[in-house]
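Inside the fold
Here is how the chains run, residue by residue.
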Amino acid sequence: MLDALQQPPHSGAFLLFEPVMGRASGPSSQAATLLRLRAGSNTGAHMLHVAPSSGVSDMLDVLAFLIDANVGPRPQPKSNTDIHTQIVGLGARWQQAATLSSRFFQYISSEDFEHNEFSMCVRDLHRSLQQEPVLDGFNHPGQTILERLFNCYPDAASEWLFDKIKKLSNPSSTADILRLLCRFKPHTLGWRSEVVEAALESPFVEVRDAAIQAVESWAEPTLVSLLKKHRDTAPWLTQYAAQIIRDMAG
Amino acid sequence: MPAFLAWSISTAKWRARTNIAENEISADAVTYDMRTTDNTLSFWLYDPTKEGSLEDVALALASVRDNIQRLDLVWVDQQQVEQINLRIETTRGETPARYLQVNHRDVVGIDLSRLVALARNVANAISNNQTRRFTEREVQTRFFATLLKTS
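From a predicted model like this one, the values you see are computed outputs, not experimental measurements.

A few words on the pairing of strand β3 (residues 71–77) of chain B. All names here are of chain B. When you tally the buried positions in β3, you get seven out of seven residues, the bulk of the element. A two-sided burial pattern is seen for β3, the buried positions comprising Leu71, Leu73, Trp75 and Asp77 on one face and Asp72, Val74 and Val76 on the other. When strand β1 (residues 4–9) meets β3, the two strands line up antiparallel, connected through six bridges. Note on β3: the bridge partner recorded for Trp7 is Val74. Relative to strand β6 (residues 131–134), β3 runs antiparallel, the two being bridged by four bridges. Directly across from Asp72, in β6, lies its bridge partner Arg133.

In structure tokens form, the structure reads like this:
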């Protein structure tokens, strides 16, 4: 089952564990959110949601679900001996399921899981950029992936993007990601300011253009003041920045 | 006064010089903004003698988008397009602004060499500042102003 988790989502085994294990936040919560998203995008995926108020009976439902998902449905009993055999068998399966659920929980709580899922999301994002251009005003599949990255892994995502801007490699894809990013408000205002500042300093016009667009879309006074201090070498960008400053003042 | 054919582009892609020389045309830009269907590209008529003609083009294009965001327009001389042996056909444009639908033009018969020639025209137009960027605020204001006017 643990191996299977590293494969694309499949039907049958997505569970939200954290309330059962007494954890309402932290890695398991993030992983659960991610699993919920992934399960939701695949036809035929099943999911059990155990609410924070869940009791023992809910836990038993989870285990029964695991049994069905991994061992299959039990046969109809024909005699008392059959029933007895099934009860014994069920006990053994529940034990097996409990072990399985515990290993599953350990895995989704681990840094490995977070790292793998994060890398997978970044890969998906780059793939979406290769498949479809980011056009102003039109939805792009990369936006959902980027939002998921920032919702599930805010720290890793913000660090990753900041590095991308600073590194000066692949300016076109960096600009595209920034242009997708400005369609929602990621992370903190402080981080957004740092990103705009760093992107405005980029030697690449595409990245600087995306930085000005971020100021335009996020429309926050702190960011506008950064734009006021900015002096661009490209006249068309100077003009664009001036337009945005005027728009924001109006 | 000559008539122009306008459509929306990603200005930054055309102006970026990543891995190319100053006088070269960005392939990123062409693959972004000149994606043909049936070897045809969609344009809108821009008549500089008519007041608000460019704003009408912006409105026609903005009205079929998913979100309100900035909009970059470029316009090329219609005669120059005809000179590269491309047909210009009047077709009904896809825009909810019905009075603008007649302003739509299809440029038909684009093969690879004509695509390159057309891309050169666009690149020249950008160098000659035949571009206009409508900011998010401008798009929003014009869009709602027209909605109010027509409702």
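Our focus in this paragraph is the interface of chain A and chain B. Facing the 27 residues of chain A at the interface are 22 residues of chain B. Both faces considered, chain A and chain B share a buried interface measuring about 2,300 Å² in area, 45% of it formed by carbon and sulfur atoms. Counting the contacts that link chain A with chain B gives five salt bridges. With its nearest N and O atoms 2.8 Å apart, the salt bridge here joins Arg70 of chain B to Asp209 of chain A. Our count for the chain A to chain B interface comes out at 23 residue pairs in polar contact (both at pLDDT 80 or more). Of all elements in the fold, only α8 (171–181), α10 (205–218) and α12 (235–249) of chain A reach the threshold of two or more residues within the side of chain A that touches chain B. Its residues assigned to classes, the side of chain A that touches chain B shows twelve nonpolar, seven polar and eight charged.

What counts and how
- Residues numbered from 1 in each chain as written.
- Chains lettered and ligands numbered in written order.
- Predicted model: local features only at pLDDT ≥ 70, side-chain atom pairs only at ≥ 80, totals over all residues.
- Heavy atoms only, no water.
- Buried < 20%, exposed > 50% of the residue type's maximum accessible area, 1.4 Å probe, protein only.
- Helix = DSSP H or I, 4+ residues; strand = E, 2+ residues; numbered from the N terminus.
- Pairing = 2+ DSSP bridges.
- Contact = heavy atoms within 4.5 Å.
- Buried area = accessible area lost by both parts, 1.4 Å probe.
- Salt bridge = Lys/Arg side-chain N within 4 Å of Asp/Glu carboxyl O.
- Polar contact = N/O pair within 3.5 Å; in protein donor to acceptor, adjacent residues only side chain to side chain.
- Nonpolar A, V, L, I, M, F, W, Y, C, P; charged D, E, K, R; others polar.

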